[in-house]
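# Descriptive analysis of the structure
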Amino acid sequence: MKHVKALLIKFIMILAVLLIVFTLVFNAGVGAVLLMSTVLTLAAYVIGDLLVLSRSGDRSKPNGDYPKRNAIATVSDAVLSFIVLWALGSALLEPDNNVILASLIATVIIGIGEWLFHRYVNNRVIKDRNAQTVGMF
């Protein structure tokens with residue numbers, strides 16, 4: 001249940017950013033934005049949150065080296081966000097849309113959100129901050 005809640009929070013955050021950036025600013029369709037939000041949410045949660053955030057850093061340090069893990073996971077999420085948004089935007093949107101600029105703007109905003117979201121994941125989803133596994137159940 002904790003993963004469902006985390007995914008829902010992440011999806012709402014990403015959807016809000018993409019609706020503002022891609023739909024309002026760059027005139028993309030809502031259907032394309034929903035698809036991009038879903039793909040990005042799933043990919044970023046599995047890769048950035050469950051794998052990178054939970055396994056990076058020096059676990060012997062106090063608080064499981066959270067600042068370093070958060071920085072690594074945020075950069076990973078930002079790179080992944082840009083690649084996914086650029087690829088899907090290029091495939092789904094009109095050629096006259098400036099997909100690279102829209103992807104870059106959305107990536108910066110999502111990166112800020114991810115920095116904050118990782119605190120929630122670290123405190124509520126990852127059970128043992130000293131273990132290099134994710135508390136799946």
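Residues numbered from 1 in each chain as written. Predicted model: local features only at pLDDT ≥ 70, side-chain atom pairs only at ≥ 80, totals over all residues. Heavy atoms only, no water.

### Considerations on the pattern of salt bridges
To be explicit about the condition: Salt bridge, as used here: a side-chain nitrogen of Lys or Arg that lies within 4 Å of a carboxyl oxygen of Asp or Glu. Runs of H or I in DSSP of at least four residues are treated as helices and runs of E of at least two as strands, each being numbered from the N terminus. The cut-offs for exposure are 20% and 50% of the maximum accessible area for each residue type, with area from a 1.4 Å probe on protein chains only; residues under the lower value are buried, those over the upper are exposed, and the others partly exposed.
One pass over the full model with this rule turns up two salt bridges. Residue Glu114 pairs with Lys10 through a salt bridge whose shortest N-O separation is 2.5 Å. Here Lys10 lies in helix α1 (residues 2-25) and Glu114 lies in helix α4 (residues 99-125), a separation of 104 residues in the sequence. With respect to class, Glu114 is no different from Lys10; both count as buried. Taken together, the shared-partner salt bridges in this structure form one network comprising Lys10, Asp49 and Glu114.

### Things to note about the side chain of Thr74
Rules: Two N or O atoms count as a polar contact when they lie within 3.5 Å, although within protein this holds only if one can serve as hydrogen donor and the other as acceptor, and sequence-adjacent residues are included solely when both atoms are side-chain atoms. Any two residues having at least one pair of non-hydrogen atoms within 4.5 Å are treated as being in contact.
Tracing the backbone shows Thr74 in helix α3 (residues 66-92). When its relative accessible area of 11% is taken as the criterion, Thr74 is described as buried. In terms of polar contacts, Thr74 uses its side chain to reach the side chain of His118, at 3.3 Å. In this structure Thr74 touches Gly111, Glu114, Trp115 and His118, once residues within four positions along its chain are discounted.

### Examining unusual backbone geometry
Although it is not a glycine, Asn27 sits at a positive phi angle of roughly 60 degrees. Position of Asn27 relative to the elements: it lies in the loop between α1 and α2 (30-55). You will see that Asp65, though not glycine, has its phi angle at about 60 degrees, which is positive. Note that Asp65 resides in the loop between α2 and α3.

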